[in-house]
Amino acid sequence: MAIAARLKPGETLGDRVMKVDHAGEHGAICIYRAQIRLARWRAPDLVAELRGFLAHERRHRALFGAELARRGRRRCRSYHLCGLGGFVLGALTGLAGRRAIAATTVAIETVVLRHMREQVAVLAAGDPAAAATLRDIIADEQEHHDRSDRRLASPGLWPKLINPIVTASTEAVIWLGMRL
Ligand SMILES: [Fe+2]
Ligand SMILES: [Fe+2]
């Protein structure tokens, strides 16, 4: 297994993965912040769960941020793009309501979990600190996926609409981050 990346001189694959995932967690924070604002009106009973997810994402960003600081690396050039994209996606899906919110989390976490598991497999031997950080976070992401998936018990319109868009944009952001 290999992860495609265009690394800078002196940069390791683990450095780059920490950077891209740090930006991705920032995107997730922006999604949930926007969704929470709109869910107060569109789906008030979801707010407590979304606040819990947001707290996890803040912890994830801090963990990747600490790894970057320890390595003397700056944040990814895609950081603010992730934030902006996350906010727009969160606002649109928050406005659409509970099923769109759950479908968004399921779609994102499906892509994120696949990438993080691949990252652990590739980095385990050469960069144990990066792999340990990822393993810690994967457990939370799996929980977000599973809880949201249960909310979508009967598949309907929203997953069909949201899946391709969110999958493609999440993949694009990761692809770009690995090459910037
Ligand atoms: Fe996360
Ligand atoms: Fe998550």
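Refer to the structure presented above.
Residues numbered from 1 in each chain as written. Chains lettered and ligands numbered in written order. Predicted model: local features only at pLDDT ≥ 70, side-chain atom pairs only at ≥ 80, totals over all residues. Heavy atoms only, no water.

1. Regarding the coordination of the iron ion (ligand 1)
Alright, step 1. Coordination sphere of the iron ion (ligand 1), protein contribution only: Glu-25 (OE), Glu-25 (OE), Glu-57 (OE), His-60 (ND1) and Glu-141 (OE), at 1.9 to 2.8 Å.
Alright, step 2. Mapped onto the polypeptide sequence, the residues donating to the iron ion (ligand 1) form the spacing pattern E-x31-E-x2-H-x80-E.
Alright, step 3. In this model, the iron ion (ligand 1) sits 3.7 Å from the iron ion (ligand 2), the two metals being bridged by Glu-57. Here His-60, found in helix 2 (residues 47-71), pairs with Glu-141, found in helix 5 (residues 128-151); they are 81 residues apart in sequence, far enough to count as distant. (Donors = N, O, S within 2.8 Å, 3.2 Å for Na, K, Ca; no water. Helix = DSSP H or I, 4+ residues; strand = E, 2+ residues; numbered from the N terminus.)

2. Re the packing of helix 1 (residues 13-42) against helix 2
A pair of packed helices is captured by two measures, namely the crossing angle of their axes and the spacing between those axes.
Alright, step 1. Across the interface, helix 1 lies against helix 2 with an axial gap of 8 Å and an inter-helix angle of 155 degrees. Relative to helix 2, the element helix 1 lies roughly antiparallel. Note that helix 1 runs across helix 2; the crossing there is left-handed.
Alright, step 2. Taken together, the residues that form the contact of helix 1 with helix 2 break down as 12 nonpolar, 6 polar and 12 charged. (Axes fitted to C-alpha atoms, helices over the stretch in contact; angles between N-to-C directions. Parallel < 35°, antiparallel > 145°, perpendicular 65-115°, else oblique. Left-handed = near helix turned anticlockwise from the far one by under 90°. Nonpolar A, V, L, I, M, F, W, Y, C, P; charged D, E, K, R; others polar.)

3. Some points on the packing of helix 2 against helix 5
Alright, step 1. Contact geometry of helix 2 with helix 5 gives a least axis separation of 11 Å together with a crossing angle of 165 degrees. In terms of orientation, helix 2 and helix 5 fall into the roughly antiparallel class. Viewed along their axes, helix 2 and helix 5 form a crossing whose handedness is left-handed.

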